[in-house]
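Structural characterization, general
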Amino acid sequence: AGRRGLFPQASGLAEAVLMAVRGPQYPQAAAGWWAIAAIVGISTILPILTFLAGLERIGRGDLETPIRLRDRTELGLLAETVNDMASSLKKAERERIDRERLAREVELAREIQASLLPARGLAVGGFRIEGSHRAAAEVGGDFYDYYFIDADRLAFTIGDVSGKGIPAAIYMAVSRTLLKAVAH
């Protein structure tokens, strides 16, 4: 039992190619070749166009929309890699924004802490009282203050709240305020 068709020795796509090559004397073969070429071309070009459109979206900053290729070829694997990279970029961007926000908050806490310390020295009975502060961390719980309780009494307050960072600075501010309130 032999194969039927114009080229019994060929099968499937190979037969269509042979028909196209032998073309003009077999018009139905040429038409079949163009149909196959169109299908193969579209199935090859569409994933590439989809991939390129995804790259353009990412290039415009859209890291939310993944490239959707359900293709197990190298192009599909490349699309998965690009999607992973876009996801990593999105995560890095969120982390950068969080770091910038935290830096602004720490700077604000540093300014608040500095505003709670005495702004200038104090002259008392021929002496000059001065102080300075340099935190080991960006902001912390160290503080000092000097102030008159009344016309004859001067108070010195020096403190070191355990811990560092914004919670210690807040505790320092509350402690300083309470000590001044109790002293008066």
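Parameters and conventions
Residues numbered from 1 in each chain as written. Predicted model: local features only at pLDDT ≥ 70, side-chain atom pairs only at ≥ 80, totals over all residues. Heavy atoms only, no water. Helix = DSSP H or I, 4+ residues; strand = E, 2+ residues; numbered from the N terminus. Contact = heavy atoms within 4.5 Å. Core = buried A, V, L, I, M, F, W, Y, C linked by side-chain atoms within 4.5 Å. Buried < 20%, exposed > 50% of the residue type's maximum accessible area, 1.4 Å probe, protein only. Phe/Tyr/Trp six-rings, centres within 6.5 Å; stacked < 30°, edge-to-face > 60°. Lys NZ or Arg CZ within 6 Å of the ring centre and 35° of its normal. Salt bridge = Lys/Arg side-chain N within 4 Å of Asp/Glu carboxyl O. Expected span 1.5 Å × (residues − 1). pLDDT = per-residue confidence, 0-100.

Further remarks concern the overall build of the protein. Scanning the protein from terminus to terminus reveals four helices and four strands. Along the protein, helices and strands appear, N-terminal first, in the series α-α-α-β-β-β-β-α. In the protein, 44% of the contacts between residues at least 6 apart in sequence involve partners at least 24 apart.

Right, let's get into the nonpolar core. Grouped together as the largest cluster of nonpolar side chains are ten residues: Leu-116, Leu-117, Leu-122, Ile-129, Phe-143, Tyr-144, Tyr-146, Val-161, Ala-168 and Met-172. For this core, the secondary structure elements donating two or more residues are strand 3 (140–148) and helix 4 (166–183). Among the elements that line this core, the one with the most residues is strand 3, at three residues. For Leu-117, the contacting residues outside a window of four places in its chain are His-133, Phe-143 and Tyr-144.

In this section: the packing of aromatic side chains. Under the criterion given, the structure shown has one aromatic pair. The residue whose ring lies beneath Lys-180 is Tyr-147, and the NZ or CZ to ring-centre distance is 5.1 Å.

Okay, the pattern of salt bridges next. In the structure shown here, the tally under the stated rule is ten salt bridges. The partner of Glu-64 in a salt bridge is Lys-90, and the shortest N-O contact between them spans 3.6 Å. Residue Glu-64 is found in the loop between helix 2 (27–59) and helix 3 (74–116), and its partner Lys-90 is found in helix 3; the two are separated by 26 residues along the sequence. Look at Glu-64 and you get exposed, because its relative accessible area is 57%. Salt bridges sharing common partners tie together Glu-93, Arg-96 and Glu-100.

Moving on, we get to helix 3. For helix 3, spanning 43 residues, the distance from its first C-alpha to its last is 63 Å, which sits close to the expected 63 Å at 1.5 Å a residue. Every buried residue belonging to helix 3 is among Gly-76, Ala-79, Val-82, Asn-83, Ala-86, Val-106, Ala-109, Gln-113 and Leu-116, and all of these are buried.

So, on to the confidence of the model for the protein. For the protein, the mean per-residue pLDDT works out to 78, and 78% of the residues sit at or above 70. Mean pLDDT values for the elements of the protein range from 53 in helix 1 (residues 12–22) up to 90 in helix 3. Low confidence marks residues 5–11, where pLDDT is under 50. Its contacts with residues over four positions away, or in another chain, come to 15 contacts.

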